[in-house]
Every structure is written in C-alpha cells, then in structure tokens.
Amino acid sequence: MTVRDIPHFIPGKPTAGSSTRTADVHHPSSGEVQARVPLANSTDVDEAVRSAATAQAEWSAWNPQRRARVLARFLELVEPERENLAKLLSAEHGKTIADAHGDLQRGLEVVEFACGIPHLLKGEHTTDAGAGIDVYSMRQPLGVVAGITPFNFPAMIPLWKAAPAIACGNSFILKPSERDPSVPVRLAELFLEAGLPPGVFNVVHGDKEAVDALLHHEQIAAVGFVGSTPIARYIYSTATANGKRAHCFGGAKNHAIVMPDADLDQVVDAVVGAGYGSAGERCMAISVVVPVGEATADALVARLAERVKSLSVGPSDDPSVDFGPLVSADAVARVDDYIDIAANDGADIVIDGRGLVVEGHENGFFTGPTLLDRVPTTSRSYTEEIFGPVLSVVRAETYEDALRLPSEHEFGNGVAIFTRDGGAARDFAARVQVGMVGINVPIPVPVAYHTFGGWKASMFGDLNQHGPDAVRFYTRTKTVTERWPSGGIRQAGAESTAPATDHFSIPTMR
Ligand code: NAD
C-alpha cells in the first residue's frame, strides 16, 4: 500500500508545514499504515493564526446573507461527494460506510442551521427606552477561534464547530484528530471552492504540541473542544486561564433504564444498535442497561444474548457487517482490559468478544461484541468510559434505584428510559441529572436547531454546541444606547421630550 501524505490546509492551500514530526494514519480494517500526517509545531500554528486573522478582517465585513450563501453553496458541492467522503471516513475511522454517511449528514444539518445566520444574528431593540432614547444590541464575531476535535466523528464534529463559527464572521482553525484527518481537509477544500476566502477555514494537524500552541496564542479568542474528559478538563482550564472563551465536551457513560412495562423487542433493537453501532465508539452510545426488577432483567438479558450472538463484525467496507474495527490496536487493548476488570470484579461475561479474528483481516483492530451482566457499580468497568462494543447490565430493584445510577455517575452526557408509562417518563426527564434525555429513544442527540451538551464531567463551560448556543458562543454582544438630539423636524411650538439633564448622577429611566 502506498503511504499518502496528508497536508495541513493553511491558508486555503495544502502545506507540509515546518515541523518534522509525523503520525501514522492506519487502515483499522487491515491494520496497515495508509497515510502520514504532519504534527504541527508552534511556528506552523502561528502561521495559521496570522493568516486567519488577516482573512477574518475581510470575511467579517461581508454581510451575513452573503456569508450564508457560501454555506449554502458548500452544501451543494458536498452532495455529489457524499459517497467519496463516506468511504474516506470509513477507511480511516473503521465505522461502516452507511454509518459514515450518518456522520456526515449530522454535520451537514448544522451547516443548514447556520445558513439561517442573518436571522440568528439579529440583536435586540427597544424603542423609547427613555424619552428619545433607543437601545439595541448587536452580535459581533470574536475574531480567530479554534476547534479541537476527536477521532470518532471526523465529519460531524468539525462541521458542528466550523459552520456556526464562520457563519458568525470568525475565522476558524481546526485541529482535527490525527487518527482520521483526511475528511476535515476535504471539507475545508470544499468550503474554499464554495467561495470562502482563503484563511477563513484552516486545518492544522497535530497533537499536544499544536494544541498547546493554540491554547497559548494570544490571537485565539475562543476554543471549542470535544474528546475525552481528562483532555477536556485540561483544555478548559488552560484556555480560560489564558483569557479565552471555552466550552469542552468530554466522555460519557450513557445508561438506558428499562421499566417492567417496556416493550422488550423494541428495547433490544434500540440498545443493540445504540450499544454496538460504530463499535461503541460514540459519545452517545448506550453502555449501561438498567432493567428494573429481576423478572425484567432475566427476560432482557436472555433476549439481548440471543441478538448479540448474531451480530456480524468485519471490515468497514463490507455492507453486510453490523460494525467494523476499533480505531487502533491500543483501543482494542483498552477494551479487553476493561472486560478483564469486570470479570475480576465479579461481573458475569454473557458474551465475550475478546480475541476476535476476522478471516482475511487478521491484523485488523477487531474486537467482538461483549455482553456483561451483574456488573458491580464499584468496578472501574462501570465507573469509567470503555468506548468499545461492550454493554454492561446493572440490575436495579426499583425505579428510584435506577434513577440514582445515571444521576450519581461522574458523567452526565446522555440517558434513556424505556417505558409505556408517561408519568414515569415525565418524572424521569425532570429529575435525572444528565444533559440529554431520550424517552423510548436510545441516542437522544438533539436536532441541529436545539443544542447538544452533557452535564457534570461530560462538559466544561456554559454554552452548548449547535443551535442558538453556538451563535452565543461564537459572538459577543455589544449594546448601544442612543439619543439623537431633536433638530429641525420638531414642529414649531412642540415641547421637548428630552429629560432635564443632570450630568452628575447615574442616568435612570423613571
Ligand atoms: P482525545 O481526548 O484523545 O482527543 C481529542 C482531541 O484532543 C484530539 O484532537 C487530540 O489530538 C487532542 N489531544 C489528545 N491528547 C491531548 C493532550 N494531551 N493535550 C492536548 N490535546 C490532546 O479523544 P478521542 O479518543 O479522539 O475521542 C474519544 C473521546 O471523545 C471519548 O471520550 C468520547 O466520549 C469523547 N467524545 C465526546 C463527545 C461529546 O460531545 N461529549 C463527542 C464525541 C466524542
């Protein structure tokens, strides 16, 4: 296999940069190295930030409707490219091509949302807040902003960051995951083709060195991050200590509560798809199933075991497989370790996916689906994120016990409840301490015009991703109070409406 070189994209053109460090990009289905990506140093980052700052001055002066047209044109250009992008994404990430289409689609939906930017940027206005006084606000871009994104959604998450950021008039620097960096570069090229001025959307590859250069660069105004919790915490504290706006989204442990009245066929379909789809490498994957009552648990585990046994795992370009390989050999070792930990802590291994070998792909990063039952809540396999194709069943005696599990867990990204009882569902939605809730919906990722964000150790910052919060995150508000002293238009004889002016007291509206 020839090894490709994947370039940075600064400003509007491919470049190798000045650093000599590189990372290998694997083909997870075969285990082979398929490409090499440069790991930027601070000089490369500085070059990107400077060109982004220059481009931003022109871009922010475009009226919002004109900016929106670039996004609309981008959507048109992506259309004939969907299959190529999905194949490229699948070949570096390892998710199936069908799932890669979904990854791209959920990103494009945020671009569609951002096409409404002329409306979204409208500020507030009050006429006659006082005699002859009007007050209005405007939302202005921050300048140059950065997005640091994870490997598991290489199209969706870069677009969640880039589309609102640039629509608001900022320049954007993307530092995508070094494990699957090709799709982000292709997306940046398509934006350029769509009419985005060079330098408004830059892609800088790298690892901690590049990230630290962004976090310490004085011209970066805001940082959006998605990835694991320890890195999210580090990036949030460093960015904010350096005076930058930041929102950082971390890891997860998403529970599905199954009430005794739930339709178990529906539950099995939902949790198997949400638990094992994309090999469990989704921040909204269901990883813990909580049946309420022993009878529900016994019936559910029996049905789950039947279904999980029948799942098919293989290369990501085989349309017949349910899921493909994990992203790396390290990820396989990490998942295997967690299964060992669960077994040592007393969990029952109902289906063991360790050591799966796929014929013809012996060096691929595969692990089969694993089903664990009676997982102790003290086990690290329960308290920590596994991020692989492992479903853990934790049995609860009562609804209140079940409600406590996700509420007391360190993470609070997503949660679901399966029930036919509207009262129970309402109570659950109101009381559970988790940011995104599904009612008979296993992966409650909100649509693009609502906002996405978890609670507790799944999110550091205030404003969520996409929806109206994204516009607030990527702009700052300026509020203008104005009075125009009456000139010739006041009719002769009319009294002045201006208040008597006391220049020495704080102005009030009485
Ligand atoms: P990761 O934290 O390893 O990497 C994320 C980004 O941070 C990458 O761009 C990486 O290059 C960079 N990075 C890694 N180590 C760094 C360091 N020491 N200093 C600075 N930057 C560093 O995450 P990942 O493995 O790519 O992605 C999987 C994780 O992302 C999971 O924990 C998953 O739950 C989480 N995730 C969360 C959400 C969400 O919205 N909450 C969405 C998707 C993924």
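Because the structure is predicted, anything quoted here is derived from the model rather than measured. Each chain has its residues counted from 1, running along the sequence as written. Local features in this predicted model are restricted to residues of pLDDT 70 or higher, and side-chain atom pairs are both shown and tallied only at a pLDDT of 80 or more, whereas totals for entire chains, interfaces and linings draw on every residue. Side-chain figures throughout are based on the complete set of non-hydrogen atoms in the structure, without hydrogens or water.

Some thoughts on the environment of Thr240
Inspection of the secondary structure puts Thr240 in helix H9 (residues 229–241). With 116 residues separating them in the primary sequence, Thr240 and Leu356 have C-alpha atoms 44 Å apart. Secondary structure is summarised from DSSP: a helix means a run of H or I of at least four residues, a strand means a run of E of at least two, and numbering begins at the N terminus for each.

Points about the site of the ligand
Within the structure, the ligand sits among 28 residues, and Thr149, Lys175, Glu178, Ser228 and Glu385 are positioned closest to it. Side-chain atoms alone can form a polar contact between residues adjacent in sequence; in general such a contact is a pair of N or O atoms within 3.5 Å, and within protein one must be able to donate a hydrogen while the other accepts it. Separating an oxygen atom of the ligand from a side-chain N or O atom of Glu178 is a distance of 2.7 Å. A distance of 3.2 Å separates an oxygen atom of the ligand from a polar atom in the backbone of Gly227. When the ligand sits alone it has 840 Å² of accessible area, and the protein chains cover 89% of it. Using a 1 Å grid laid over the protein atoms alone, points where a 1.4 Å probe fits but cannot get out form a cavity; open sets with protein on both sides within 12 Å along at least 5 of 7 lines form a pocket; any residue with an atom within 4 Å of a point counts as lining. The rule for placing a molecule in a cavity or pocket is simple: more than half of its atoms must lie within 2 Å of the grid points. The cavity that encloses the ligand is the largest pocket. Taken together, the elements giving at least two residues each to the shell around the ligand come down to helix H8 (208–216) and strand E11 (220–226). All residues other than Ala, Val, Leu, Ile, Met, Phe, Trp, Tyr, Cys, Pro, Asp, Glu, Lys and Arg, Gly among them, are scored as polar; the first ten of these are nonpolar and the last four charged. Partitioned by chemical class, the residues of the shell around the ligand number 13 nonpolar, ten polar and five charged. Residues are classed as near a molecule or strand on a simple rule: at least one heavy atom within 4 Å of it. Only the protein chains shown count as cover for residues, and the accessible areas themselves come from Shrake-Rupley with a 1.4 Å probe.

As for the packing of helix H2 (residues 64–78) against helix H4 (residues 97–114)
In contact at an axis separation of 9 Å, H2 and H4 are set at 155 degrees when each is read in the N-to-C sense. Taken as axis vectors, H2 and H4 run roughly antiparallel relative to one another. Regarding H2 and H4, the two cross each other, and that crossing is left-handed. For the pair H2 and H4, the contacting residues are Leu71, Phe74, Leu75 and Val78 in the first and Leu104, Leu108, Val111, Glu112 and Ala114 in the second. Partitioning the contact of H2 with H4 into residue classes produces eight nonpolar, no polar and one charged. Note on definitions: angles span 0 to 180 degrees between N-to-C directions of axes, and those axes are lines fitted to C-alpha atoms, for helices only across the stretch in contact. Any angle that falls under 35 degrees is termed roughly parallel, while one over 145 is termed roughly antiparallel, one within 65 to 115 roughly perpendicular, and all others oblique. Crossings are classed by handedness, with left-handed meaning an anticlockwise turn of the near helix from the far one by less than a right angle and right-handed meaning a clockwise turn. The contact criterion used throughout is that any non-hydrogen atoms of two residues lie within 4.5 Å.

Observations concerning the side chain of Thr238
Secondary-structure assignment places Thr238 in helix H9. A simple rule labels every residue: compare its accessible area, found with a 1.4 Å probe on the protein chains alone, to the largest value its type can have, and call it buried under 20%, exposed over 50%, or partly exposed in between. Taking relative accessible area as the criterion, Thr238 reaches 13% and is therefore assigned buried. The contacts of Thr238, once residues within four sequence positions are left out, are Leu215 and His216.

A word on the environment of Val290
Checked against the element boundaries, Val290 lands in strand E14 (residues 286–291). Along the sequence, Val290 and Val258 sit 32 residues apart, while their C-alpha atoms lie 5.9 Å from each other. Not counting chain neighbours up to four residues away, the residues in contact with Val290 comprise His255, Ala256, Ile257, Val258, Val394, Ala396, Ala402 and Leu405.

Focus: the state of the cysteines
Any two cysteine sulfur atoms lying within 2.5 Å of each other are counted as a disulfide. Enumeration over the complete set of coordinates arrives at zero disulfides. Distance from the sulfur of Cys248, which forms no disulfide, to the nearest cysteine sulfur (Cys283) is 14 Å.

Let's talk about the UniProt feature "domain: Aldehyde dehydrogenase" (unreviewed entry) in the protein chain
Here the UniProt feature "domain: Aldehyde dehydrogenase" (unreviewed entry) sits at residues 18–480. Counting secondary structure, residues 18–480 comes out at 41% helix and 21% strand; the distance between its end C-alpha atoms is 45 Å. UniProt positions are given in the numbering used here, feature names are shortened, and annotations may be inferred rather than shown by experiment.

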